[in-house]
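# Breakdown of the fold
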Amino acid sequence: MSLLSQIIQLLSEPPGNIVYHLVTLFALQAIFGMSFSQWWRQRDDTAAGRMTLAAAAIFLFQVALLIVSLIWQTDPARTSGLLPPLAQAVHTITALFLVWAFTPYFDQLPRLGYAILAAVLILVGVMTISFVQDWQGVVNTGQAYNSTAQATVWGVVQIAIFLLGLVLVLLSRYTRRSLHPLVLGLFLLAHLAHFWNYPEIVPTDTDIAYWLRLGYLAAFPLWAVLVYRRGLLRLLTQTAVSAADTPYTQLATALPVLQGAIASLDMPQMAHNIVAALLEITPARFVAVAIADAMQPNHLRLTSNMPQIGADRPKAWQLNLENWPAFRLAHERGDVVELRPNGLGARQLHLLYTELGVPVHGAMLVQPLFVAETWMGLLLLALPEGESEWPESAQTAVLPLATYIAQVLQNGREHAAALSAIAQTPALAPLDDTSASGQIIALEEERAQLLADLEIAQSRAQQADTRAAEARKQAYDLAATLEEIEQVNRDEHVAALEAEIAALRESLADAEEAMAMAAAGEGELSTEWVMLTITRYSSQLEEAQAQIERLEVELRRREQDRGSELLTGLAQELRTPMTSIAGYTDLLLSETIGILGAKQREFLQRVKANTERMGTLLDQIVQLTSKTEEPEPTRLQEANLAEAAEAAIHAIIAQIREKHLRLEMNVEPNLPLISINQDTLQQVLIHLLDNACRASSHHGHIAVTAQAKAIAVPNHSNGHSELLNFVHIMVQDSGSGISVEDRAHVFDPQYQANHPLIPGLGDTGAGLAVARSLAVANGGRLWVDGELGVGSTFSVLFPISKQDVPSGQKLTAKNQPKGA
């Protein structure tokens, strides 16, 4: 017996056929279990869902065929008349489900995949019914089923299905280097061997497709290995991402994929590369890049991953920014906007999918693309259908991706502009050898002259720097000498005046003694002379004392002014390096000189935040030291409290977002205007809100309340009471509260400078002192109260006149504020 005959007997007769059924069914059960487990962990894994359904369907059809063959085993007529076409139909259905599960293109078009699968299944059912009826008429002729036209049709259909699936798998870069082509290739080889194995070549007395059984024994276990490796890889990737505990780790692993985005500087090809990269590293199933036109920023060219029918390139659209409110909002805010299918932006999301003609997807992120202040376009990422919300970690990871993509687009735009400039440059006329040599010599001489001029300029600049340094040193020495001379002169002048006062006091004492002697009748001094002398000395003494007091006041004032000038000078000197640090930090953050890593950007953002903090402290120092008296109130205009509060909140919104604070606004409508400068009121509120942000813990809350109130004040002239109208502003934080003993020092910058930080107080500089001085200067009051463990409440009162109260608004003497 030949080897081929032994293989045929092993696969078609017991116990070999029993082994075949057990192996294939066990492999299909393993595939179903692993695929279902993977799909249950990640519902967005559509490939695992398709493999689960395919394994289940193939298993059921194989079991059904096995049961039918066992039932009809005792009826040879029915077995030979029905089983061959039914077996070929099951093989065709197996091929169909395998290709449907292995093809990655159905991830983007799931509904199309289901529609194709249903249509082909219906076609196979119709073919099976027709072929069974035809086979009943020729089954008794003794012809083998594998040599009939029906078997040929089944074979062509099965080979065409597997061949199409193998081509699609090889065309996709996600599956071409995996086990997908090998599994489909084994199935295809088995069907090809069965198709060309005619009974005339290898005579057998069975209609069993033994070549297909042999291929299934090799391919089904390999399919199980593929599913196991894929699930294990997904599980390890998910575990690694969770252990990293930061979206930036995912970004680091995605950077090799993003290198494909810069493979070309052609803008259309670059957009296509970006879409392909984002489709691989993000959970989005619809990815689009909308690039703004350089001349007309409101016109967007949108490139997506949706295929264009009849062309080998992605689908693209032209959109106007003004027609899409969500896009316009993202552009104006400079921040991401999320559109949810069952929540905020549902209508816009539905209109967008309808306008673009793409299948319905899940929640969409609209991320603006900026390089510094340059608007580059938008990034659109939509989850699969059924997912209504983007996870917060995924939204955080999209931001650095958007920064990277914006810089890539900026590089492409600059490259295109450079090519355009080169193309518009007129070509130089051809030169002969003589003229070219003369021009080269002239250019070399000009270059040498320019280098010499540059060296001279550098030498002169160094000399100027040296002279400037010497001049500064001389100025410092002269200032120190003048200060010492003035100090010596002041000390000598004071000493001379004190000596003169001592002499006058001694003379006055002598005069008083002489007056006493004259009054007693002793000596020869007259009373008139003694009184005249005392009067003269007394007037001189009073004049000298007054002059000493004026000099002492002047000395104290100069000492205070000198300290203030010193602090102001130091603050101004500190501004120069702080400005340089801020400028270089902004330059690095704009990534115009290089792409930043995640950690580098985080460190630079911390430097920028601390630089802004230092600038605020310097402004407070200058404001405190430049005014020796309370600031004069400004009555040139009236302030709108609601507008000032909104501007103050906008100024500190970054601190609120950084600490994830909840802001509560309770501003009474139609509040009267306050007789205070709008900027001054805004500055007072900024200092109070800044203190509240710093005092509150993470995920705390801040409350701002403003009400118009009145209290009854007795009028002693007429014995009646009058209403004093005012606006009461309260800023409440969720800190630890300030003790009663420390409240007296909250607005004292000297105390804060010489003592440790006050518990429960967020302000560490002079912000609250500035706020109080501004409030008092404009007729207001500022104080603090609260409760330990609950928080602090800073209250501000600003009086309003009766004519400023709007008509129809009635103020009553109630709710008198604490501490008023």
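Reading guide: rules and limits
- Residues numbered from 1 in each chain as written.
- Predicted model: local features only at pLDDT ≥ 70, side-chain atom pairs only at ≥ 80, totals over all residues.
- Heavy atoms only, no water.
- Helix = DSSP H or I, 4+ residues; strand = E, 2+ residues; numbered from the N terminus.
- Buried < 20%, exposed > 50% of the residue type's maximum accessible area, 1.4 Å probe, protein only.
- Contact = heavy atoms within 4.5 Å.
- Areas by Shrake-Rupley, 256 points an atom, 1.4 Å probe, with all protein chains shown as cover.
- Axes fitted to C-alpha atoms, helices over the stretch in contact; angles between N-to-C directions.
- Parallel < 35°, antiparallel > 145°, perpendicular 65-115°, else oblique.
- Left-handed = near helix turned anticlockwise from the far one by under 90°.
- Nonpolar A, V, L, I, M, F, W, Y, C, P; charged D, E, K, R; others polar.
- pLDDT = per-residue confidence, 0-100.
- Pairing = 2+ DSSP bridges.
- Expected span 1.5 Å × (residues − 1).
- Patch = residues over 30% accessible without salt bridge, like charges linked within 9 Å, V, L, I, M, F, W, Y side chains within 5 Å.
- Salt bridge = Lys/Arg side-chain N within 4 Å of Asp/Glu carboxyl O.
- Phe/Tyr/Trp six-rings, centres within 6.5 Å; stacked < 30°, edge-to-face > 60°.
- Polar contact = N/O pair within 3.5 Å; in protein donor to acceptor, adjacent residues only side chain to side chain.
- Core = buried A, V, L, I, M, F, W, Y, C linked by side-chain atoms within 4.5 Å.
- Arc of directions from axis to C-beta.

### Some details on the overall build of the protein chain
Within the protein chain one finds 22 helices and 11 strands. By the burial criterion, 39% of the 820 residues in the protein chain qualify as buried. Within the protein chain, counting contacts between residues at least 6 apart in sequence, those at least 24 apart form 68% of the total. For the protein chain, the exposed area adds up to about 46,300 Å²; of that, 59% sits on carbon and sulfur atoms.

### Focus on the packing of helix α6 (residues 149–171) against helix α7 (residues 180–195)
Between α6 and α7, whose axes approach to 9 Å, the crossing angle comes to 160°. One way to sum up the angle between α6 and α7 is to call them roughly antiparallel. You can see that α6 and α7 cross each other, and the crossing is left-handed. Residues Thr-152, Gly-155, Val-156, Gln-158, Ile-159, Phe-162, Leu-163, Gly-165, Leu-166, Val-169 and Leu-170 of α6 form the contact with α7, whose own contacting residues are His-180, Pro-181, Leu-184, Gly-185, Phe-187, Leu-188, His-191, Leu-192 and Phe-195. Per-class residue counts for the contact of α6 with α7 are 13 nonpolar, 7 polar and no charged.

### Quick notes on the confidence of the model for the protein chain
Any residue range with low pLDDT should be treated as having predicted coordinates unsuitable for detailed reading. Mean pLDDT over the protein chain stands at 75; residues scoring 70 or higher make up 67%. Across the protein chain, the element-wise mean pLDDT spans from 52 in helix α9 (residues 247–258) up to 92 in strand β11 (residues 791–799). A low-confidence stretch, residues 807–816 stays under pLDDT 50, and its non-local contacts, those more than four residues away or across chains, total 20 contacts.

### Re the pairing of strand β5 (residues 364–371)
Of all 8 residues that make up β5, 7 are buried, and the element is covered over most of its length. Taken together, the 3 bridges between strand β4 (residues 337–339) and β5 define a ladder with antiparallel strand orientation. Paired with Leu-339 across the two strands is Met-364, which belongs to β5. Bridging between β5 and strand β6 (residues 374–382) involves 8 bridges; their strand directions are antiparallel.

### Points about helix α3 (residues 46–71)
With 26 residues, α3 extends 38 Å between its outermost C-alpha atoms, agreeing within 8% with the 38 Å of an ideal straight helix rising 1.5 Å per residue. Along α3, the residues classified as buried are Ala-47, Ala-48, Arg-50, Met-51, Thr-52, Ala-54, Ala-55, Ala-57, Ile-58, Gln-62, Leu-65 and Leu-66.

### Observations concerning a nonpolar patch on the surface
There is a patch of nonpolar side chains on the surface, built from Tyr-105, Leu-163, Val-167 and Leu-171 and spanning about 370 Å² of accessible area. On the accessibility criterion, Tyr-105 (37% relative accessible area) is partly exposed.

### Quick word on the packing of aromatic side chains
Counted by the stated rule, this structure contains 16 aromatic pairs. When the ring of Phe-32 is compared with that of Phe-36, the centres are 6.0 Å apart and the planes differ by 20°; the resulting orientation is stacked. In this pair, Phe-32 and Phe-36 are both assigned in helix α2 (residues 16–41), 4 residues apart and thus about one turn of the helix distant. Residue Phe-32 is classed as partly exposed on the basis of its relative accessible area, which comes to 35%.

### Some points on the sheet that holds β11
Pairing between sheet strands relies on hydrogen bonds along the backbone, with the strands arranged either parallel or antiparallel. Pairing in this open sheet of 5 strands is mixed, and the strands run β7-β8-β9-β11-β10 from one edge to the other. Two strands lie at the open edges of the sheet, namely β7 (662–667) and β10 (781–787), each paired on one side alone. Recorded for the sheet is a direction-independent mean angle of 25° between the axes of neighbouring strands. Where strand β9 (residues 721–732) meets β11, 7 bridges bridge the pair, whose relative direction is antiparallel. Considered in β11, the bridge of Met-730 is made with Ser-795. Its contacts with the sheet place helix α17 (residues 641–651) against β7, β8 (701–714) and β9, and it is angled at close to 170° to β7. Seen against the sheet, helix α22 (residues 767–777) touches β10 and β11 and runs at an angle of roughly 130° to β10.

### Structural notes on the side chain of Thr-52
By the secondary structure assignment, Thr-52 is in helix α3. Apart from the residues lying within four places of it in its own chain, the contact partners of Thr-52 are Phe-32, Ser-35, Phe-36 and Trp-39.

### Section: the side chain of His-728
On the secondary structure map, His-728 appears in strand β9. At a separation of 3.3 Å, a polar atom in the side chain of His-728 contacts the side chain of Lys-709. There is a polar contact of 3.5 Å between the side chain of His-728 and the side chain of Ser-795.

### Let's talk about the nonpolar core
Judged by nonpolar contacts, the single largest core of 48 residues is most densely connected at Phe-97, Phe-102, Phe-162, Phe-187, Phe-220 and Trp-223. Those elements that place two or more of their residues in this core are α2, α3, α4 (76–102), α5 (110–138), α6, α7 and α8 (210–244). It is α4 that provides the largest number of residues to this core, a total of 10 residues. Excluding anything up to four places from it in sequence, Phe-102 contacts Met-51, Val-169, His-180, Val-183, Leu-184, Trp-223 and Leu-226. Membership of the second largest hydrophobic core comes to 42 residues, among which are Ile-656, Ile-674, Ile-758 and Ile-800.

### As for the pattern of salt bridges
Taken as a whole and judged by the stated rule, the model has 6 salt bridges. The salt bridge involving Arg-111 is made with Glu-385; its shortest N-O contact spans 2.8 Å. Pair noted here: Arg-111 is in helix α5 and Glu-385 is in the loop between β6 and α13 (392–424), with a separation of 274 residues, a long-range link. Linking Asp-690 and Arg-694 is a salt bridge whose minimum nitrogen-to-oxygen distance equals 3.0 Å.

### Let's talk about the pairing of β9
Where β8 meets β9, 11 bridges bridge the pair, whose relative direction is antiparallel. In the sheet register, Val-713 faces β9, and the bridge partner there is Glu-722.

### Thoughts on the environment of Arg-285
Its location among the elements puts Arg-285 in the loop between α10 (267–281) and β1 (286–292). The sequence separation of Arg-285 and Gly-362 amounts to 77 residues, and the corresponding C-alpha distance is 8.9 Å.

### What about α17?
Every buried residue of α17 is listed here: Leu-641, Ala-644, Ala-645, Ala-648 and Ile-649. Down the axis of α17, the smallest arc covering the buried residues is 135°, so these residues share one side. Opposite its buried face, α17 presents the exposed residues Glu-646 and His-650, each directed more than 90 degrees away. Here the buried face of α17 lies against α18 (653–658), β7, α19 (678–695), β8 and β9. By the N-cap criterion, in which a side-chain oxygen at the helix start approaches the backbone nitrogen of a residue two or three places on, α17 is capped by Asn-640, the distance to Ala-642 being 3.0 Å.

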